[in-house]
Each structure stands twice: as C-alpha cells, then as structure tokens.
Amino acid sequence: VASTCGSMLGLVSDPASPIIHLNLAGEAAATFPDRATQIAVLEATVQGCKQMDLLITTAKTLKGEKTKDGKEPLVPTLRLAVRASMDEKMLRTAVETIKKALTIAMKYYKEKQ
C-alpha cells in the first residue's frame, strides 16, 4: 500500500491483521481535512472500486464514537479483508484499483470545493 498509495493512504490497522484499515493521508488528508468530506471521498472510492470489480467498504462507526483511549473520534477508513489465499499479484491489483478509484474520487471532490 505504501509504495503504491503512500502519499494518499495510510495504514491505521495492525499490519498483521487480515482486516486492513486505510485512511486518507498526506496530500489527500490535507485537501479534505473535514470528516464529512473524507467519508464522502472514501464512499466514492468504494463505489469506484465496485465498478472495477473490487469489493471493499468503509468502516462503519457510530456518530461520536471515539478511539479506545477516548481522546478523539475515529478516523474514516476504507476496510479491506485479506485472505490467506490471496497472492502478492492479487493484492497489488487490489491496491492499484483502490488508487485509481481514489484518484477519481479526489478529483471529483476537489472540483466540487
């Protein structure tokens, strides 16, 4: 993820977990600093991935839900499930698809601002 989408997405889950959470990072986070727009960009990314035959989702949280230490709201994230049967080529294709969909979503929301 870092090599393909490093400037746009950050890994916020445990790297050993089969459930991967990616949040907007770097330029993407700076361009869309408010939570509502980040959620919209990520949802548009999910829809774009769906059109390219990749099923992912956003993490669903309750309004006002906070981190385990209770200090801040949870960041909006894309949520991916990785299976042991997925090889490196499949994972790379998935990440490239996410990058394409995210790029389209970001362009759309930049123009809307």
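Further up the page is the structure itself.
These figures come from a predicted structure and were not determined experimentally.

Student: Please clarify how the nonpolar core should be interpreted in this entry.
Tutor: Looking at soluble globular proteins, one finds that nonpolar side chains tend to be buried together. In terms of nonpolar packing, the biggest core is built from 23 residues, with L9, V41, I56, L78 and I98 touching the most fellow members. Within the residue set of this core, elements represented by two or more residues are β2 (19-24), α3 (35-51), β4 (78-81) and α4 (88-112). With 8 residues, α4 is the single largest residue contributor to this core. Sequence-distant contacts of I56, that is, excluding residues within four places in its chain, are made with V46, C49, L78, R79, L80 and I98.

Student: So what exactly am I meant to see when it comes to α4 here?
Tutor: Residues separated by three or four positions in an α-helix point in the same direction, a consequence of the helix having 3.6 residues per turn. Between its terminal C-alpha atoms α4 stretches 36 Å, which fits the 36 Å expected from 25 residues at 1.5 Å a residue. Every buried residue of α4 is accounted for by A94, V95, T97, I98, A101, L102, A105, M106 and Y109.

Student: Teacher, can you tell me more about the side chain of N23 here?
Tutor: Assignment of secondary structure puts N23 in strand β2. For N23, a relative accessible area of 14% corresponds to the buried category. Those residues in contact with N23, other than ones at most four positions away along the chain, are M8, L9, G10, V12, V75, P76 and T77.

Cut-offs used in this document
Residues numbered from 1 in each chain as written. Predicted model: local features only at pLDDT ≥ 70, side-chain atom pairs only at ≥ 80, totals over all residues. Heavy atoms only, no water. Core = buried A, V, L, I, M, F, W, Y, C linked by side-chain atoms within 4.5 Å. Buried < 20%, exposed > 50% of the residue type's maximum accessible area, 1.4 Å probe, protein only. Helix = DSSP H or I, 4+ residues; strand = E, 2+ residues; numbered from the N terminus. Contact = heavy atoms within 4.5 Å. Expected span 1.5 Å × (residues − 1).

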